[in-house]
Structure formats: structure tokens, C-alpha cells
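In case you want the letters, here they are:
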Amino acid sequence: MTSTTARQQEILRHALGVGRGRTAGWRNYFVTGPGSDDYDDCEALVAAGLMTKRSGGPLSGGDPVYRVTDAGQDVLVGRKTPNVRAQAPAEGGSPAATS
């Protein structure tokens, strides 16, 4: 199991929309950038394989957009949240994760 700080777990919960009485997430994104209090923690979560990072655009004000991976969800809640589903396998294929 990957070790995370309390602040990193809070970021994962916030990214997924988990908390305040919710046990299942309803979103999967977190926006922060260099100089922000959360940036270094998000970068550490990416390095640990618990989040992914995409370059930002106009909607994020140019800041990177982070997404919690299946591994990040497993570390946080011990199961995948409903917003991450597996597609039915194609004939002869294996399941693929959706975005």
C-alpha cells in the first residue's frame, strides 16, 4: 500500500467529491498550479501513481488538471467509485477503463 499524508488523502477525496456525508464520488478532477499550496502534494500523488496530470486549458485557467487513478481510489476508499466504470469487453478482448 502506498503511504499518503492526511493532506494528500484530503486532495484525493476532494478530487472525487467524496466527503460531507458522501461515500461515493461524483467527479474526478482537481485543478492547481505552481505556487499553490496543493501543487507539490498533487505532484507527489502523480509520482506515486495515484493521480494523473494533464496540461491545462482555458477552463482551468491554464493550470494542470489532475485525475485520481484507480490505484488512488483504492488507496482512499478501498474500492472504485461509481464514476469509473469498466466497459464490456469486446469479443475476444479484455475490459478497458473509461474516462
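Everything that follows concerns the structure shown earlier in this document.
On a predicted model such as this, the values are computed, not experimentally measured, just so you know.

A.B. asks: Would you take a moment to explain the nonpolar core for this structure?
C.D. replies: Generally speaking, a soluble globular protein has its nonpolar side chains buried in company with each other. Counting residues in hydrophobic clusters, the biggest one holds 14 residues, and the most contacted among them are Phe30 and Met51. When residues of this core are traced back to their parent elements, those giving at least two are helix 1 (6-16), helix 2 (39-47) and strand 3 (65-68). Ranked by the residues each element gives to this core, the list is headed by helix 1, at 4 residues. If we ignore the near neighbours within four places in the chain, the residues touching Phe30 are Ile11, His14, Ala15, Asp38, Cys42, Met51, Pro64, Val65 and Tyr66.

A.B. asks: Which parts of the structure should I look at to understand the pattern of salt bridges?
C.D. replies: It is possible for side chains of opposite charge to pair when their charged atoms get near one another. Enumeration according to the criterion identifies 3 salt bridges in this entry. Across the pair Glu10 and Arg7 runs a salt bridge whose closest N-O atoms are separated by 2.6 Å. On the criterion of helical spacing, the pair formed by Glu10 and Arg7 is a turn pair, its members being 3 residues apart in helix 1. What makes Glu10 partly exposed here is its relative accessible area of 41%. Arg7 gets classed as partly exposed once you look at its relative accessible area, which sits at 30%. Between Lys53 and Glu43 there is a salt bridge; the shortest N-O distance is 2.9 Å.

Quick notes on the rules
- Residues numbered from 1 in each chain as written.
- Predicted model: local features only at pLDDT ≥ 70, side-chain atom pairs only at ≥ 80, totals over all residues.
- Heavy atoms only, no water.
- Core = buried A, V, L, I, M, F, W, Y, C linked by side-chain atoms within 4.5 Å.
- Buried < 20%, exposed > 50% of the residue type's maximum accessible area, 1.4 Å probe, protein only.
- Helix = DSSP H or I, 4+ residues; strand = E, 2+ residues; numbered from the N terminus.
- Contact = heavy atoms within 4.5 Å.
- Salt bridge = Lys/Arg side-chain N within 4 Å of Asp/Glu carboxyl O.

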